[in-house]
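Here's the letter readout for the chains.
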Amino acid sequence: TTISKPVRSALEAGLFTSEATFFDYGCGHGGDVQRILDQGFSASGWDPYYQPDTSRISADIVNLGYIINVIENPTERREALLQAWALTQKVLIVAAQVLIEDRIRGTVIYGDGVITRRNTFQKNYEQE
């Protein structure tokens with residue numbers, strides 16, 4: 001119901017100007033896209049699952065928020081980062097889940113990440 005933390009941080013940092021364009025690479029249902037449009041900015045997004053037929057276009061600000069941590073294959077992760085970077089004209093926002101120890105969640109180690117109790121893949125990163 002609110003703008004994601006990475007995009008909100010970009011707004012608060014003044015990265016969005018009146019003529020700035022925004023593209024959400026891996027936008028899911030498009031929540032951030034709609035909220036940025038509602039604030040009067042030019043915005044669009046693409047998602048391989050929810051919006052696969054939408055064009056991937058260059059923009060001043062490209063968001064790759066919480067995407068690289070849900071891609072199982074390291075090569076595919078790298079490719080997503082490179083593709084998002086290729087679309088970026090000024091600022092690339094990259095955000096990922098940060099590794100937080102939680103022994104109660106009951107996760108299963110898989111490759112270089114885990115399978116969550118919701119049966120989804122997560123690759124967690126350390127802040128460094």
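Everything that follows concerns the structure shown earlier in this document.
Residues numbered from 1 in each chain as written. Predicted model: local features only at pLDDT ≥ 70, side-chain atom pairs only at ≥ 80, totals over all residues. Heavy atoms only, no water.

## Points about the overall build of the protein chain
Along the backbone of the protein chain there are 3 helices and 7 strands. For the protein chain, the sequential pattern of α-helices and β-strands runs α-β-α-β-β-α-β-β-β-β. Taken across its 128 residues, the protein chain has 38% of its residues classed as buried. Pairs at least 24 residues apart make up 61% of the contacts formed inside the protein chain by residues separated by at least 6 positions. Surface accessibility of the protein chain: about 8300 Å² in total, with carbon and sulfur atoms responsible for 50%. (Helix = DSSP H or I, 4+ residues; strand = E, 2+ residues; numbered from the N terminus. Buried < 20%, exposed > 50% of the residue type's maximum accessible area, 1.4 Å probe, protein only. Contact = heavy atoms within 4.5 Å. Areas by Shrake-Rupley, 256 points an atom, 1.4 Å probe, with all protein chains shown as cover.)

## Re the nonpolar core
Ranked by internal contacts, the top residues of the largest apolar core, which has 13 residues, are V7, F16, F22, V33, I36, A43 and I61. Contributing elements (two or more residues each) for this core: α1 (5-12) and α2 (31-38). If we skip the residues at most four places from it in the chain, V7 touches F16, F22, D32, I36 and N63. (Core = buried A, V, L, I, M, F, W, Y, C linked by side-chain atoms within 4.5 Å.)

## Considering the pairing of strand β2 (residues 42-46)
Here strand β1 (residues 21-25) pairs with β2 via 5 bridges, running parallel. Each bridged residue has a counterpart across the sheet, and for Y25 the counterpart in β2 is W46. In this fold, β1 hands off to α2, which returns the chain to β2; that crossover is right-handed. (Pairing = 2+ DSSP bridges. Right-handed = clockwise from strand over helix to strand, strands pointing away.)

## Looking at unusual backbone geometry
Of note, the phi angle at Y66 is positive, near 60°, even though the residue is not glycine. Mapping Y66 onto the fold places it in the loop between β3 (59-65) and α3 (74-87). For Y66, a relative accessible area of 33% puts it in the partly exposed group.

## A closer look at the packing of aromatic side chains
For the structure on display, the rule yields 4 aromatic pairs. Considering the side-chain rings of F16 and F41, the 5.1 Å spacing of their centres and the 55° angle between planes classify their relative orientation as tilted. Placement of the pair is F16 in the loop between α1 and β1 and F41 in the loop between α2 and β2, with a sequence separation of 25 residues. Accessibility expressed as a relative area gives 10% for F16, which makes it buried. Owing to a relative accessible area of 14%, F41 belongs among the buried residues under this scheme. Aromatic rings pair up to connect F16, F22 and F41 into one cluster. The residue whose ring lies beneath R56 is W46, and the NZ or CZ to ring-centre distance is 4.1 Å. (Phe/Tyr/Trp six-rings, centres within 6.5 Å; stacked < 30°, edge-to-face > 60°. Lys NZ or Arg CZ within 6 Å of the ring centre and 35° of its normal.)

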